[in-house]
Amino acid sequence: MESVASFLASEHPTAFSFEILPPLRGKSINNTYADLDRLVEFNPAYINITTHRTEVTYRHIGGGSYRQATSRRRPGTVAIAAVIRERYGVRPVPHIICGEYSRREIEDQLIDLSYLGINDILVLRGDRERSASTFICDPDGHEHAASLADQIVDFNRGIMADGTEAEPVFPPFTFGVAGYPEKHEEAMNAQIDLINLKHKVDAGASYVVTQMFFDNEKYFDFVKRARESGITVPIVPGIKPLTSLRQLSLIPRVFHIDLPPVLAERLLQCKTDEDVREVGVEWAIAQARELKAAAVPSIHFYAMHAVQSVARIAKEVY
Ligand code: FAD
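I will try to describe carefully the structure that is included in this document. The shown structure was predicted, so the numbers you read here are calculated from the model rather than taken from an experiment.

Comments concerning the packing of helix α2 (residues 30-40) against helix α3 (residues 77-88)
Reasoning step 1: Relative to each other, α2 and α3 sit at 50 degrees, their axes nearing to 12 Å. Compared by their axis directions, α2 and α3 come out oblique. In terms of crossing hand, the pair formed by α2 and α3 is right-handed. Each of Tyr 33, Leu 36, Asp 37 and Val 40 in α2 lies in contact with α3, whose residues at this interface are Val 83, Ile 84, Arg 87 and Tyr 88.
Reasoning step 2: Taken together, the residues that form the contact of α2 with α3 break down as 6 nonpolar, no polar and 2 charged.

So this is what it looks like as structure tokens:
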């Protein structure tokens, strides 16, 4: 199988790809299988699997007391990546995050993946801890995705986290990074955000996957600005079908993304999640058709909690 990086750089019709979350800790993998069974029929070029940091949780232990604990709510990324390849024969793209990990812990993840022959990854800083106002990394970890990218490139060349030399990795890891058509929430302005994106590409990223957007003009403008800044790698648009009333305030607040006026007007008429789902599918079909007509390399669907919607969209568009 060729790498996702070379596939995206090659001549091909607009591909279908999507992203899933590992199950919550303690839940079986069967729902994940059901989701994958539903979507693999549309012949995805690759499937991304998110990675989630350790969170602080508080469990009520009676008498008004709570016990603090730390755990990863969604472990299992690497195992699900292996399942996707073995069970479905599709190229998996697990996400690697700076999170709270030290360089040595990240190296251990890279070793596991290289032994499994999984060499396509998406390199990210990761979300901040939910109760924290800023992202805090391990003292021996990475503050930004570009620095994590440097570690991966070193690892490919056989330079370990402690600086010692090892065997170069073959085949080497190739990776994509995240881009933000509407700017990352923490960036002082769009131009600085683009400079930081360029650092990630210069560090070795072969492609960019965008944050979700609901106005294709934002994506087209982002690609134009990226090209003007000297970013030449493929830029894959990310699309999320809306599925619930709750998302209408959550998405603008959490992801700092605007819903365009025409969409917002239609959503204001929605009374139930089902109403939102219908508008979400219709809107995403229109977005995907326009992106496909513009010959984007792939359309990357954020399928979490939206598998049935993504299946309906894929059926219409591919
Ligand atoms: P970075 O590229 O490090 O950028 C973070 C911020 O720092 C930006 O504002 C940037 O402009 C700024 N910056 C970058 N470099 C520097 C520098 N040298 N100096 C100063 N500022 C700098 N989160 C998860 O936890 N798990 C996932 O699996 C996951 N998957 C994702 C998939 C996609 C396609 C996308 C778009 C996002 C995903 N996220 C995930 C969310 C992502 O981790 C967050 O958006 C995070 O806040 C930023 O990640 P990044 O890799 O873009 O960070």
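Next, the rest of the story.
Focus: the site of the ligand
Reasoning step 1: Neighbouring the ligand are 23 residues, the closest being Thr 51, Tyr 180, His 184, Asp 193 and Lys 200.
Reasoning step 2: Between the ligand and Asp 193, the relevant distance is 2.7 Å, taken from an oxygen atom to a side-chain nitrogen or oxygen of the residue.
Reasoning step 3: Relative to its unbound accessible surface of 980 Å², the ligand loses 84% to contact with the protein.
Reasoning step 4: Elements with a contribution of two residues or more to the shell around the ligand: β5 (91-97), β6 (120-124), α6 (190-202) and β8 (207-212).
Reasoning step 5: With 3 residues, the top contributor of residues to the shell around the ligand is α6.

Some remarks on the pattern of salt bridges
Reasoning step 1: This model, assessed by the stated rule, comprises 19 salt bridges.
Reasoning step 2: Glu 274 is the salt-bridge partner of Arg 277, the closest N and O atoms lying 3.0 Å from each other. One end of the pair, Arg 277, and the other, Glu 274, are both in helix α10 (residues 273-293), 3 residues apart, so they sit about a helical turn from each other.
Reasoning step 3: Residue classification places Arg 277 among the partly exposed positions, given a relative accessible area of 30%.
Reasoning step 4: Relative accessible area serves as the criterion here: at 39%, Glu 274 is assigned to the partly exposed category.
Reasoning step 5: Between Glu 278 and Arg 312 there is a salt bridge, and its shortest N-O distance comes to 3.0 Å. Of this pair, Glu 278 sits in helix α10 while Arg 312 is found in helix α11 (residues 307-317), placing the two residues 34 residues apart along the sequence.
Reasoning step 6: Classification of Glu 278 by relative accessible area gives partly exposed; the value is 33%.

The rules we used
Residues numbered from 1 in each chain as written. Predicted model: local features only at pLDDT ≥ 70, side-chain atom pairs only at ≥ 80, totals over all residues. Heavy atoms only, no water. Axes fitted to C-alpha atoms, helices over the stretch in contact; angles between N-to-C directions. Helix = DSSP H or I, 4+ residues; strand = E, 2+ residues; numbered from the N terminus. Parallel < 35°, antiparallel > 145°, perpendicular 65-115°, else oblique. Left-handed = near helix turned anticlockwise from the far one by under 90°. Contact = heavy atoms within 4.5 Å. Nonpolar A, V, L, I, M, F, W, Y, C, P; charged D, E, K, R; others polar. Near = heavy atom within 4 Å. Polar contact = N/O pair within 3.5 Å; in protein donor to acceptor, adjacent residues only side chain to side chain. Areas by Shrake-Rupley, 256 points an atom, 1.4 Å probe, with all protein chains shown as cover. Salt bridge = Lys/Arg side-chain N within 4 Å of Asp/Glu carboxyl O. Buried < 20%, exposed > 50% of the residue type's maximum accessible area, 1.4 Å probe, protein only.

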